[in-house]
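# Examining the three-dimensional arrangement
Residues per chain, in single letters:
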Amino acid sequence: MGTVIFSDVHADAEAISLVATYIRAPSFPLCFGPVDTLVNLGDLLHRGNCPEPTLEIIHDLAREFLLVSVIGNHDHAFLNGVPVSGSDETSTSRHEQLRGSPLLDIFSDMPMEWVDRSMLFVHGGPLDLGTQTLRLKCWQRLSHTAGDSFTGYHYTAPMAFDALEKRGLSYMVCGHQHTHICCRKTMDGIREHLIRFVQKKDALCPGGEMEAARIPLDMPTLFRIGGCHGDKPEFAYVDDNAFTYIRLQSYAPFG
């Protein structure tokens with residue numbers, strides 16, 4: 001069986017609705033494989049203007065699939081009253097209207113990470129750096145240089161691979177930074193792997209087109225997926241053999 005992964009929905013109900021429609025379609029298992037688990041890598045909240053319908057879609061998916069969620073930095077900020085940029089007045093108002101809603105129950109005891117076999121799923125990064133907010137795993141950011149930052153602690157690929165190795169893990173899947181990247185630990189050192197998307201002409205994608213890039217699970221790898229929001233929402237699929245980046249394009253807004 002396989003797992004669908006998404007991150008950084010940011011209250012974009014149209015984008016997550018499109019992804020939900022697509023993974024429910026009969027063509028999805030034909031293209032990628034069966035789905036038994038969904039993993040939400042965090043940041044369901046903030047920035048977008050549709051937090052309530054977004055959470056309603058997430059609750060619907062949780063009734064259809066095994067849904068595993070880890071907390072994102074914007075979720076953490078909303079729940080703990082931490083000021084963070086990126087939301088306009090409409091977004092802020094609609095999020096505040098959610099206070100006390102049972103839809104927020106999904107965040108109760110939501111963990112920082114989830115491990116399945118040899119793969120770590122986390123919003124930001126793998127480092128245990130204490131309880132200071134910007135050093136939490138949901139605030140950490142993959143970068144070329146390491147150190148504290150007002151955006152969250154920056155860590156490097158070698159630091160991530162070291163952390164994984166100490167735990168007996170081979171792979172990490174994260175989001176947070178809204179852009180996809182793939183770093184592989186080869187025999188010759190750590191290399192950034194070029195992600196080559198190809199159009200899936202045989203795939204049914206309601207309202208648009210779909211592209212995918214398949215990476216075999218044959219060496220330690222850091223997978224960062226793009227954000228599941230906007231007019232090109234991204235998500236991923238992983239099974240025992242490969243990790244596939246998926247990007248939806250040119251969808252028509254619902255309603």
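Heads up: the structure comes first, above all this text.
For the structure given in this document, a descriptive report is provided here. Quick caveat, the model's predicted, so the values are computed rather than measured. (Residues numbered from 1 in each chain as written. Predicted model: local features only at pLDDT ≥ 70, side-chain atom pairs only at ≥ 80, totals over all residues. Heavy atoms only, no water.)

Roughly 260 Å³ of volume is contained in the largest pocket. Residues that form the lining of the largest pocket fall into these classes: five nonpolar, eight polar and three charged. In this structure, the second largest pocket occupies an estimated 220 Å³ of space. For the second largest pocket, the full set of lining residues is L142, S143, H144, T156, A157, P158, I181, C183, I190, R191, E192 and R224. Every element with two or more residues in the lining of the second largest pocket is listed here: α6 (157–166), β9 (181–186) and β10 (189–192). Looking at which element gives the most residues to the lining of the second largest pocket, the answer is β10, with three residues. (1 Å grid on protein atoms, 1.4 Å probe; cavity = no way out; pocket = protein on both sides within 12 Å on 5 of 7 lines; lining within 4 Å. Points joined across faces, edges and corners; volume = space filled by probe spheres on them. Nonpolar A, V, L, I, M, F, W, Y, C, P; charged D, E, K, R; others polar. Helix = DSSP H or I, 4+ residues; strand = E, 2+ residues; numbered from the N terminus.)

The biggest cluster of nonpolar side chains holds 42 residues, and the ones touching the most others in it are I23, F28, F32 and F235. With seven residues, the single largest contributor to this core is helix α1 (residues 13–24). Not counting residues up to four positions away in its chain, the partners in contact with F32 are Y22, K200, M210, A212, Y237, D239, T244 and I246. The next biggest cluster of nonpolar side chains, apart from the first, holds 21 residues, and it includes V39, V70, Y171 and I215. (Core = buried A, V, L, I, M, F, W, Y, C linked by side-chain atoms within 4.5 Å. Buried < 20%, exposed > 50% of the residue type's maximum accessible area, 1.4 Å probe, protein only. Contact = heavy atoms within 4.5 Å.)

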